[in-house]
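Residue-level structure breakdown
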Amino acid sequence: MDQRQRAARLLERLEAELNCLGLWQADCPAAHELQSSEPFAVDKLDFHQWLQFIMLPRMWDMIDGEHPLPQNIAVSPMAAHVYRHELENHEGLISILREFDVLLSGADPLAEDV
């Protein structure tokens with residue numbers, strides 16, 4: 001399975017995990033909430049909203065359009081930070097994002113420096 005196929009499988013798992021956690025939203029936030037220059041749109045969206053309405057659509061567009069995938073990504077550290085007080089509930093989500101980071105970047109951004 002090539003990188004693009006593996007990325008697609010991880011995106012599917014991410015969508016399923018957001019749904020299982022009850023974080024998947026039926027309604028999209030207002031257009032102005034999707035326009036942010038802040039990392040992870042922290043000024044306008046919750047992290048799970050950023051995943052669903054910004055990251056997932058962009059990644060699917062890259063995969064479906066056969067555009068180059070990012071080569072340096074680190075989303076799992078933000079997830080670990082956001083859910084630091086409820087890690088056991090969000091362990092699956094963080095794990096999927098870590099796999100995604102490793103797939104695209106080749107390194108685990110949550111691994112401790114040795």
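Residues numbered from 1 in each chain as written. Predicted model: local features only at pLDDT ≥ 70, side-chain atom pairs only at ≥ 80, totals over all residues. Heavy atoms only, no water.

Where an unreviewed UniProt entry is consulted, the protein chain appears under the name YqcC-like domain-containing protein, with the organism given as Pseudidiomarina aquimaris.

1. Examining the packing of aromatic side chains
Under the defined criterion, the tally for this structure stands at 4 aromatic pairs. On the numbers, 6.1 Å between centres and 70° between planes, the contact of Phe47 with Tyr83 is edge-to-face. With Phe47 in helix H2 (residues 47-64) and Tyr83 in the loop between helix H3 (76-82) and helix H4 (87-105), this pair connects stretches of sequence that are 36 residues apart. Comparing Phe47 with Tyr83 shows no difference in burial state: the two are buried. Through pairs of rings, three or more aromatic residues link up here, namely Phe40, Phe47, Trp50 and Tyr83. (Phe/Tyr/Trp six-rings, centres within 6.5 Å; stacked < 30°, edge-to-face > 60°. Helix = DSSP H or I, 4+ residues; strand = E, 2+ residues; numbered from the N terminus. Buried < 20%, exposed > 50% of the residue type's maximum accessible area, 1.4 Å probe, protein only.)

2. A few points about H2
In an α-helix there are 3.6 residues to a turn, and that puts residues three or four apart on one side. Helix length check: H2 (18 residues) gives 24 Å between terminal C-alpha atoms against 26 Å at 1.5 Å per residue, within 8%. Of all bends in H2, the biggest is about 35°, found at Met55, and the proline Pro57 comes one to four residues later. Glu66 lies just past H2 and shows a positive phi near 55°. (Expected span 1.5 Å × (residues − 1). Bend = angle between axes of the 7 residues up to and from the residue.)

3. Overview of the side chain of Gln52
Take Gln52: it is sitting in helix H2. Classification of Gln52 as buried rests on a relative accessible area of 7%.

4. Here's the deal with unusual backbone geometry
Keep in mind that most residues, glycine aside, have a negative phi and that most peptide bonds are trans. Although it is not a glycine, Phe40 adopts a positive phi angle of roughly 60°. Among the structural elements, Phe40 can be located in the loop between helix H1 (3-20) and H2. Of note, Ala41 is a non-glycine position whose phi angle comes to about 50°, a positive value.

5. Some remarks on the layout of surface pockets
Taken as a whole, the largest pocket encloses approximately 280 Å³ of empty space. What lines the largest pocket is a set of 16 residues, among which Phe40, Trp50, Ile54, Met55 and Arg58 lie closest to the centre. Residues of the lining of the largest pocket, tallied by class, amount to 12 nonpolar, 2 polar and 2 charged. (1 Å grid on protein atoms, 1.4 Å probe; cavity = no way out; pocket = protein on both sides within 12 Å on 5 of 7 lines; lining within 4 Å. Points joined across faces, edges and corners; volume = space filled by probe spheres on them. Nonpolar A, V, L, I, M, F, W, Y, C, P; charged D, E, K, R; others polar.)

6. Description of the pattern of salt bridges
Following the criterion strictly, the structure yields 2 salt bridges and no others. Residues Glu12 and Arg9 are paired through a salt bridge, measuring 3.8 Å at the closest nitrogen-oxygen approach. Here Arg9 and Glu12 lie together in helix H1, a separation of 3 residues that amounts to about one turn. The class of Glu12 is partly exposed, set by a relative accessible area of 40%. According to the relative accessible area criterion, Arg9 is partly exposed, its value standing at 41%. (Salt bridge = Lys/Arg side-chain N within 4 Å of Asp/Glu carboxyl O.)

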